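Next come the chains, spelled out residue by residue.
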Amino acid sequence: MEIFGVEFNLSEIVSQIVPVLLQVILLLIAFAVLKPVGSKAITKTIEAMGAKKGLSPGRTKTLEKLSVNVFSYTLLFILIIMLLGAVNINIGPLLAGAGIIGLAVAFGAQNLVADIVTGFFLLLERQVEVDDYVTVGGYGGIVEEVGIRTTKVRGFDGTLHFVPNRLIEGVSNHSRGNMRALVDIGISYDDNIDEAMKVLQEVADRFKEDERFKEGPDVLGVQSIGSSDIVLRILGQTENMEQWAVERDMRKAIKEALDEAGIDIPFPHQVNLYKEQEKEAVQ
């Protein structure tokens, strides 16, 4: 066959291209099959290991996600190498140049190296785990994944933050131990402080039976004296991540108890004085 004056041996071209295409297709099919199967096997293995060694659910999820990521990257690297070999690209020089590539990475990809090293120590020291409530890199939320390069934090507004591990200079983990439930309630200057504290303590005593509380709650006393109110404080220790719900429930119960006892919670008042009324008041 001749095209634009150039002769082509169609049978020879087909005989060379078809085997290569078949190899590429088989490799892609193998990758598509091995990736989900391998990920599922890793997940089951990590879950079984976590149950056997008594690891926390957060720690188990962290190791699971990290292992799956490493497996995926490794499988992708092998696929690329095999595809290059399938299309008759000599990978020998590429492998021989691994030392040069490593040197280039050390100088030209310092951020990537810093991400990986920092991520390794985050996992080794168990600073953060999946499902922990943390503040890292200026973002607060629930950890969804601790990777070898980035840590994913889901904010309470639903935003997913990708934080490079090198930017995690300090970690505030709010999920290690009990949390504080704190409620401040203002009463007016006309009300009796001791009577108000008694009402608040009765509410606090009811909440002591709430299984979400680990300690307290108790009325601490007068927290501050403001321009229009006297602030009383109630404090207790709750299970992790239960503090906000407990505080909401306590505020509702306190408001109902104070209303029943006839104790006012001060609120700003506004008086409007019209011009004619102002003249009459002056006269």
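Residues numbered from 1 in each chain as written. Predicted model: local features only at pLDDT ≥ 70, side-chain atom pairs only at ≥ 80, totals over all residues. Heavy atoms only, no water.

Once that is clear, we can look at the sheet that holds strand 9 (residues 213-225). In spatial order, the strands read 8-10-9; together these three strands make up an open sheet with antiparallel pairing. Among the strands making up the open sheet, the edge pair consists of strand 8 (179-187) and strand 9. With strand direction ignored, the average angle separating the axes of adjacent strands in the sheet is 20°. Note: strand 9 against strand 10 (residues 230-238), eight bridges, orientation antiparallel. Bridge assignment links Glu215 to a residue of strand 10, and that residue is Gln237. The strands touched by helix 6 (residues 193-207) within the sheet are strand 8, strand 9 and strand 10, with strand 9 carrying the most contacts at an inclination of about 165°. (Pairing = 2+ DSSP bridges. Helix = DSSP H or I, 4+ residues; strand = E, 2+ residues; numbered from the N terminus. Axes fitted to C-alpha atoms, helices over the stretch in contact; angles between N-to-C directions. Contact = heavy atoms within 4.5 Å.)

Now for the packing of aromatic side chains. Counted according to the given criterion, the structure contains four aromatic pairs. Measuring from centroid to centroid gives 5.2 Å for Tyr133 and Phe156, while their planes differ by 70°, and the two rings are edge-to-face. Of this pair, Tyr133 sits in strand 3 (residues 133-136) while Phe156 sits in the loop between strand 5 (150-154) and strand 6 (160-164); the two residues are 23 residues apart in sequence, bridging distant segments of the chain. When the centroid spacing of 5.5 Å and the interplanar angle of 65° are considered together, the rings of Tyr133 and Trp244 count as edge-to-face. Placement of Tyr133 in strand 3 and of Trp244 in helix 7 (residues 243-261) is noted, with a sequence separation of 111 residues between them. (Phe/Tyr/Trp six-rings, centres within 6.5 Å; stacked < 30°, edge-to-face > 60°.)

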